[in-house]
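# Descriptive structure summary
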Amino acid sequence: MNKWDYDRALYYTHRSEWDNLLILMVRTSDHFLSKKIEHFLHAYNFERDYSVIEKKLYSLLRYIDHANENIDTDELPMYSLS
């Protein structure tokens, strides 16, 4: 799993950058994240009931939070300036 995908998803959601969120949905290797983004964007664009949009948004945010808590930091690449 790529921690940067979750950070980007949170950033794009916070900034309402739906085009970038759509691109992330296609490019991520996390199928659950992709599906959560798809459900949210579909609801945002086509749903008239705001409570449904809110439910999909919170579902996406809960998944991002869950994934960030459970990611193994030992698997993240370490970069060095030397």
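Residues numbered from 1 in each chain as written. Predicted model: local features only at pLDDT ≥ 70, side-chain atom pairs only at ≥ 80, totals over all residues. Heavy atoms only, no water.

## Side note on the overall build of the protein chain
What counts, and what does not: Counting from the N terminus, the helices are the DSSP runs of H or I reaching at least four residues and the strands are the DSSP runs of E reaching at least two. For each residue, the accessible area found with a 1.4 Å probe, counting protein chains only, is set against the maximum for its type, and the residue is called buried under 20%, exposed over 50%, and partly exposed in between. By definition, residues are in contact when any of their heavy atoms lie within 4.5 Å. Calculation of accessible area relied on Shrake-Rupley with a 1.4 Å probe; when residues are assessed, cover is drawn exclusively from the protein chains displayed.
Helix and strand counts for the protein chain stand at four helices and zero strands. Counting helices and strands in the order they occur from the N terminus, the protein chain gives α-α-α-α. The buried share of the protein chain, reckoned over its 82 residues, is 29%. A fraction of 48% describes how many contacts in the protein chain between residues 6 or more apart in sequence connect residues 24 or more apart. Carbon together with sulfur atoms contributes 53% to the accessible area of the protein chain, which is approximately 6400 Å² in total.

## Concerning the side chain of Ser59
Quick note on the threshold: Pairs of N or O atoms within 3.5 Å make up the polar contacts considered here, provided that, within protein, one atom can donate a hydrogen while the other can accept it, and that residues adjacent in sequence are counted only when both atoms are side-chain atoms.
Locating Ser59 in the fold gives a position in helix 4 (residues 50-70). Given the relative accessible area of 17%, Ser59 is considered buried. Reaching out from Ser59, the side chain makes a polar contact with the side chain of Lys36 at a distance of 2.9 Å.

## Re the nonpolar core
Note the threshold: Put simply, a nonpolar core is a bunch of buried Ala, Val, Leu, Ile, Met, Phe, Trp, Tyr and Cys residues held in one set by side-chain atoms that sit within 4.5 Å of each other.
By size, the foremost hydrophobic cluster in this structure holds 18 residues, and its most contacted members are Tyr6, Leu21, Leu33, Ile37 and Phe40. Mapped onto this core, the elements with two or more residues apiece are helix 1 (3-14), helix 2 (18-27), helix 3 (31-46) and helix 4.

## Quick look at the confidence of the model for the protein chain
Definition in use: pLDDT expresses how confident the predictor is about each individual residue, on a scale running from 0 to 100.
Considering every residue of the protein chain, the mean pLDDT works out to 89; 85% of them sit at 70 or more. Element-level pLDDT for the protein chain is lowest in helix 1, with a mean of 94, against a maximum mean of 97 in helix 3.

## Some points on helix 4
Selection rule: Expected span of a helix, by definition, is 1.5 Å for each gap between consecutive residues, and there is one gap fewer than residues. The arc in question is traced by the directions running from the helix axis to the C-beta atoms.
An ideal rise of 1.5 Å per residue puts 30 Å on 21 residues; helix 4 measures up with 30 Å between its terminal C-alpha atoms. All of the buried residues in helix 4 are Ile53, Ser59, Leu60, Tyr63, Ile64 and Ala67. Buried residues of helix 4, viewed axially, fall in a sector of 130 degrees; they line one side. Opposite the buried face of helix 4, at more than 90 degrees from it, the exposed residues are Tyr50, Lys55, Arg62, Glu69 and Asn70. Against the buried residues of helix 4 lie helix 1 and helix 3.

## What about the packing of aromatic side chains?
The way to describe two aromatic rings as a pair is by their centre distance and the angle between their planes. Condition: Working definition: rings of Phe, Tyr and Trp (its six-membered ring) pair if their centres are within 6.5 Å, and the pair is stacked with planes under 30 degrees apart, edge-to-face with planes over 60 apart, and tilted otherwise.
Taken as a whole and judged by the stated rule, the model has six aromatic pairs. Ring centres of Phe40 and Tyr44 lie 5.9 Å apart, and the angle between their planes is 40 degrees; this geometry places the pair in the tilted category. One end of the pair, Phe40, and the other, Tyr44, are both in helix 3, four residues apart, so they sit about a helical turn from each other. According to the relative accessible area criterion, Phe40 is buried, its value standing at 2%. Residue class for Tyr44 comes out partly exposed when judged on its relative accessible area of 38%. Taken together through their ring pairs, the aromatic side chains of Tyr6, Phe32 and Tyr63 make up a single cluster.

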